[in-house]
Amino acid sequence: MRPQPKIELNDVRKSFGDLEVIKGVNLSVHRGELVCLIGSSGSGKSTLLRCLNLLEPIDEGEILLDGYDISHPMLDPQPIRQRIGLVFQSFNLFPHMNAFENVMLAPRLNKKISRAVLTPKIEALFERFELKDRMTHYPDQLSGGQQQRVAIVRAMAMEPEIMLFDEITSALDPELVSEVLDVVRQLKSEGMTLVLATHEMNFARDAADKVCFLDKGVIVEEGTPDQIFQNPSEPRTRAFLRSVL
Amino acid sequence: MRPQPKIELNDVRKSFGDLEVIKGVNLSVHRGELVCLIGSSGSGKSTLLRCLNLLEPIDEGEILLDGYDISHPMLDPQPIRQRIGLVFQSFNLFPHMNAFENVMLAPRLNKKISRAVLTPKIEALFERFELKDRMTHYPDQLSGGQQQRVAIVRAMAMEPEIMLFDEITSALDPELVSEVLDVVRQLKSEGMTLVLATHEMNFARDAADKVCFLDKGVIVEEGTPDQIFQNPSEPRTRAFLRSVL
Amino acid sequence: MSRNTTDKTGIVAAQAALPAKISRTAYNAQKKRRSLMIASASTLTVVALIYVLVPLAPGWERVKNSFFNWEVLVRTFPKLLDAFLIDVMIFAWCAPAIAIWGLVIALCRDARSPALFPLRVFATVYNDVFRGVPVILVIYLIGFGIPGLGLSRTWSNPYIWGSLALILSYSAYVAEVYRAGIESIHESQRSAAKSLGLSHWHTMRHVILPQAIRRVVPANMNNFISLQKDVALVSFIGPVELLRQAGVEKSLLANFTPYVGAAIIFLSVTIPATRFADHLIARQNRERG
Amino acid sequence: MSRNTTDKTGIVAAQAALPAKISRTAYNAQKKRRSLMIASASTLTVVALIYVLVPLAPGWERVKNSFFNWEVLVRTFPKLLDAFLIDVMIFAWCAPAIAIWGLVIALCRDARSPALFPLRVFATVYNDVFRGVPVILVIYLIGFGIPGLGLSRTWSNPYIWGSLALILSYSAYVAEVYRAGIESIHESQRSAAKSLGLSHWHTMRHVILPQAIRRVVPANMNNFISLQKDVALVSFIGPVELLRQAGVEKSLLANFTPYVGAAIIFLSVTIPATRFADHLIARQNRERG
Amino acid sequence: QAAGECATGKTLEEGVLTIATGNPAYFPWVIDNEPAGGKGFEAAVAYAVAAQMGFEAEKVEWTSSSFDQAIQPGQKNFDFNLQQFSITEDREKIVDFSIPYYTSALAVIVRQPTIDAGVQPTLESLKSLTWGADANTTATPVIQELIAPESDPLLYDDTINVIEAMNANQIDATLLDLPVALYQAGAVMNDGVVLGQFAADESTSPDHFGLLMEEGNPIKACVDAALTALIDSGELAQIEAQWLQQATDVPMIR
Ligand SMILES: Nc1ncnc2c1ncn2[C@@H]1O[C@H](COP(=O)(O)OP(=O)(O)OP(=O)(O)O)[C@@H](O)[C@H]1O
Ligand SMILES: Nc1ncnc2c1ncn2[C@@H]1O[C@H](COP(=O)(O)OP(=O)(O)OP(=O)(O)O)[C@@H](O)[C@H]1O
Ligand SMILES: [Mg+2]
Ligand SMILES: [Mg+2]
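The present account deals with the structure reproduced in this document. Because the structure is predicted, anything quoted here is derived from the model rather than measured.

**Examining the site of ligand 1**
Residue and element names in this part refer to chain A.
Part 1 of the reasoning: Every residue lining ligand 1 is accounted for by Phe-16, Val-21, Ser-40, Ser-41, Gly-42, Ser-43, Gly-44, Lys-45, Ser-46, Thr-47, Glu-167 and His-199.
Part 2 of the reasoning: Here an oxygen atom of ligand 1 sits 2.9 Å away from a polar atom, N or O, in the main chain of Lys-45.
Part 3 of the reasoning: About the coverage of ligand 1: the protein hides 60% of its 640 Å² of free accessible area.
Part 4 of the reasoning: For the shell around ligand 1, the leading source of residues is helix 1 (residues 45–52), giving three residues.
Part 5 of the reasoning: Considering only residue class, the shell around ligand 1 consists of two nonpolar, eight polar and two charged.

Written out as structure tokens, the structure reads:
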């Protein structure tokens, strides 16, 4: 028997008004795994990640974290979100705070840890991701790649058990993409559990443990990168891969 | 002796404040020729075209149209602009008018021709560029490619002797680019004199009579597409071509 | 399935306290019902408290008699409504005049030819002065000052000069709104029009203004709602409109209820208008955002 | 070089009439000089015309005596300035109160929990009422109504209730401005804060408000400039501030010059303030555009 | 003094009589906007009433109040208020008035050009004029009911604005208390003329001035007693003769 999955989705459904966007998704992610969600625009990748982060309440099914249902509507989502980091395509840094304050905000408010205790920890984080010299810069003084890395550091500072990344490289100029993907590789090597929605097929092929192809709100096919990219069994997967590769 | 150039630039210079953007450009374009301006972002392509259209007064040098200096500061630029069409990267259609009204506006106001006389002419133009069924659509009801074609028709409706195109395909999704470039080919085949600033190297190679490589406000090299793309003599041209091809 | 023992965020504890598996749809419906009940209950409580507590104030009887006197309201309301017609009339001719004159001022401020420089100076000074002085002062100064220059009876009519004062004041505000609208039209629209050989005036008339005016409709709505209220200030130089009529009744009856009546009449016009303007602004923001 | 014979746009004709090759720099300098001259000349002409023509009106002497009486101005100006201190004072304590109370109302309108529904209703009704009634009516009703509830003399001070009326009225406008600011902050900022596990209030306090308030500074400046002018309305319930002092002097001297004096004082404050607000708005537009 | 005892415990401040008048207070009711000087009809009446009630001049405090402040509900900041308040039935419901201390004739002011245009001191001739009045006075209903002009009257905040409107040729005529009319026509306007007066007792709503007090103020009895004593002793008539110009040559309007 495999160990219990870190995260498990059972028949999750989500509609916006009359539009059903997630139509019964089953997915399990194990500790330390890197799972890539691929699929065309509008297939529901972002929505799925937002559901995982409890930003959107799901309509049916359940989401288990370490075996406990975190999607129960009567649970307070706030402490659970602190265990699951989410990084957005558009970074969404707070523009009125510098990089350091952006990172410090959540731990300071949520865990009520004093600045003095936090400062060395956060400085270490910046150091680890080679951003030490950018700590006092404001978002608009940073390049896109640096902003995205600060956004990742910000999510890391809450010491989450899982990180969700939503197309974190699509708003970047091509030459900046690799510096962000390197950070993802580094996180994986440190044992973090990771779920990525991505258009970077090469990265998915190289680094993922599992690739899921999403189409119209359904996981059509999942498997190792080799299975998906070399031998897709579904015609829809094949059509998609042909158009993007 | 070659015939007189349709347009001739002699040592044209243009500064914005302290920043000299065009630093002495000489260029001649003959009747029926298609000249492509290539060069990296910020090299001054747009500015040069705006100067040709008299949207920006030049600081030094002269611009000859059929041998007459149209850049004389005491000339009224308005009638001259009517002889030189300019189409922009971002189309700049008038959003409060439908396609037909967009096209009709300038001839109606400038030439004081009645609607009744204009209508069949303009309808013929729409027909020619396969836009007949879009005449009553508003810009936001048209795809990017259609908008750009309407913008070209709008410039054509003034019956200009030369058309200037400023990266008319860069705001378009890849699948729409070709439909606009086809229109350019069609214009050339009809004998129009054309100057294009473009990033579409393949198009420049296939269709241009002359290619000018602009760098930091200077025409570094000009020649036939074969000369420029196969045998660039300047190191700067070579470096540029390597980065974009 | 092996159960994990970490419970950092207290999910185990929390879930133990929760009812077993419930239908999400049922839960949401129930939650909505509960919210509605809480909301109604708390609203009612607050209203009830006000209703019970305020009359306990020692002077309430007197205040009620002075401000919320039903008999006085009934007696004066028809006269107030009559007087409100004057406001409506003044508004009806001022509003279009302001719309036009404001546009003229805005165009003057935008004049680019050097020969028209005095127009620009004029428009700038105009806006500074009329936005800077309280409307009521403008009404006094123009309403009594200009007729004093020795005009015939027909022409010294306070309706004319009061309206003129309003028009002059409000045009300054409206002109600024138009100007903001004109400036908000992207330079590329001007470029496009110029490159087609259109003249400055044709560009303005056919390309810039139609877009600019449409864009500032909501902002202008707010100006005109303010105007609707400030029409009342014309009463200071004579015309017996709503506010003045309320004042007269107040004097005669030594009772402030007519002012409450006036407030009711104003609200019945301005609330729907403000709502409509807010709605327009919200729609515009949605469209842009 | 062969010369082309077409001359559709009359370039040949036009060029024949032009001076031969001229230096562009020299021409531009000359053109600038000429514009400046035309501008100055035409401005002067207009001013001169006004200066000459207006005094020809039959009533000019009387109007000048009544409205632009130097002697009266000199005599009353110090008293007016003194009275203006009252305006400044009232403004000084109303402005922060409005800023705070307006924010509270804005937050109430934004309350999302169903238990807070009454707060939302309250804030909505509040804004409708206080934006709908002319400020002067609010001042009358509150300034005369509340003290009547049986307060002691210290507490029935018109400064208190006049200021309260201003605060209540203006908070409604300021609240709407804040709300627009809050709504203008992109939803993704809320998402980001929520995804970090911040509570609703922390998100508001640390993420949304700091950005929203900064963004609406210029719009609020305009509100506060209006407030500066409307402080004068408090005079209707007693306080002898600038407008009332001007009215008293007017009555005593039977001369309207004090109103002109008041206008001058207002302008000397509002023009720089408006200019500054305009500057802020322009800068903000540039940064966004 | 008996009257002094009458007011004991009934004034705002023990031993002091607080009297309110307008700011500004106009000639000839108060001279130089300085009621404490005791000059002017109302200032003199105030001090006479105070003396009658047993308050020495230095025990009289002056305060200012507008018409609106005078009628607002709640605590007043004066014991009584005098600024030509006309006693009316409706006002009596909200505040208390003393017995009248003066009954004014109402007079019509016009400018010379109106006279030149041929207006006569007859009701008939007045109907065609454009009227203006102070909105806070009872002149408004008198104009509407007694004269019933062809066009609605224009109303203003105070007498000065009415006069200015007349100067600006916006109105032809206004109705003022006779003493005010004489002063305005004589001293303020360039070409003002008192066209005529309505006899005090003839007008349908005679303009009786009363001292205004808070509703139910116990001091009313003392004030009334003091005024009665002043009337009986002829002192009030004396004050009137001293401060109010007697207009012998103003024709009656019929
Ligand atoms: N808040 C919302 N309200 C209504 N519809 C929504 C909302 N969010 C997403 N949708 C719709 O849900 C569908 C899935 O959107 P989603 O953003 O999850 O796709 P995606 O796979 O992330 O696409 P992309 O690659 O473009 O980011 C789309 O049709 C989208 O329009
Ligand atoms: N109105 C202006 N004011 C100041 N600087 C300007 C202005 N317009 C252009 N520039 C500057 O002139 C230089 C040339 O700009 P231009 O737009 O002509 O380049 P380009 O070759 O068209 O570039 P791209 O390929 O990005 O369109 C740039 O450095 C630009 O910043
Ligand atoms: Mg997405
Ligand atoms: Mg360009």
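Read on, since the account is not over.
**A few points about unusual backbone geometry**
Part 1 of the reasoning: Residue Pro-28 of chain E is reached from Phe-27 of chain E by a cis peptide bond, and omega for that bond is -5°.
Part 2 of the reasoning: Relative to the elements of secondary structure, Pro-28 of chain E occurs in the loop between strand 1 (17–21) and helix 2 (41–53).
Part 3 of the reasoning: Positive phi, close to 50°, is recorded for Glu-159 of chain B, a residue that is not glycine.
Part 4 of the reasoning: If you trace the backbone, Glu-159 of chain B turns up in the loop between helix 5 (144–156) and strand 7 (162–166).
Part 5 of the reasoning: For Glu-167 of chain B, which is not glycine, the phi dihedral falls at a positive 45°.
Part 6 of the reasoning: With respect to the element layout, Glu-167 of chain B can be found in the loop between strand 7 and helix 6 (174–189).

**Considerations on the sheet that holds strand 2 (residues 19–29) of chain B**
Residues and elements named next belong to chain B.
Part 1 of the reasoning: The strand order 2-1-4-5 describes an open sheet built from four strands, whose pairing is antiparallel. Two strands bound the open sheet, and with one partner strand each, they are strand 2 and strand 5 (68–69).
Part 2 of the reasoning: The pairing of strand 1 (residues 7–16) with strand 4 (residues 60–65) spans five bridges and is classified as antiparallel. By the bridge assignment for strand 4, Arg-13 is matched with Glu-60.
Part 3 of the reasoning: Against the sheet, helix 1 (residues 45–52) makes contact with strand 1, strand 2 and strand 4, and its axis sits at roughly 115° relative to strand 1, the strand it touches most.

**Thoughts on the packing of aromatic side chains**
Part 1 of the reasoning: Evaluated as defined, the whole model comprises 40 aromatic pairs over all chains.
Part 2 of the reasoning: Here Phe-122 of chain C and Tyr-126 of chain C contribute two aromatic rings whose centre-to-centre distance is 5.7 Å and whose plane-to-plane angle is 55°, an arrangement assigned as tilted. Here the residue Phe-122 of chain C and the residue Tyr-126 of chain C both occupy positions in helix 5 (residues 117–132), the gap between them amounting to four residues, near one helical turn.
Part 3 of the reasoning: Taking relative accessible area as the criterion, Phe-122 of chain C reaches 37% and is therefore assigned partly exposed.
Part 4 of the reasoning: Seen from their ring centres, Phe-236 of chain C and Phe-236 of chain D are 5.4 Å apart, and the 50° between their planes marks the pair as tilted. Linking Phe-236 of chain C in the loop between helix 10 (217–230) and helix 11 (242–253) with Phe-236 of chain D in the loop between helix 10 (217–230) and helix 11 (242–253), this pair reaches from one chain into another. You'll find Phe-236 of chain C and Phe-236 of chain D in the same group, each marked buried.
Part 5 of the reasoning: When the ring centre of Phe-94 of chain B is taken as reference, the NZ or CZ atom of Arg-154 of chain B above it lies at 4.5 Å.

Conventions adopted
- Residues numbered from 1 in each chain as written.
- Chains lettered and ligands numbered in written order.
- Predicted model: local features only at pLDDT ≥ 70, side-chain atom pairs only at ≥ 80, totals over all residues.
- Heavy atoms only, no water.
- Near = heavy atom within 4 Å.
- Polar contact = N/O pair within 3.5 Å; in protein donor to acceptor, adjacent residues only side chain to side chain.
- Areas by Shrake-Rupley, 256 points an atom, 1.4 Å probe, with all protein chains shown as cover.
- Helix = DSSP H or I, 4+ residues; strand = E, 2+ residues; numbered from the N terminus.
- Nonpolar A, V, L, I, M, F, W, Y, C, P; charged D, E, K, R; others polar.
- Pairing = 2+ DSSP bridges.
- Contact = heavy atoms within 4.5 Å.
- Axes fitted to C-alpha atoms, helices over the stretch in contact; angles between N-to-C directions.
- Phe/Tyr/Trp six-rings, centres within 6.5 Å; stacked < 30°, edge-to-face > 60°.
- Buried < 20%, exposed > 50% of the residue type's maximum accessible area, 1.4 Å probe, protein only.
- Lys NZ or Arg CZ within 6 Å of the ring centre and 35° of its normal.

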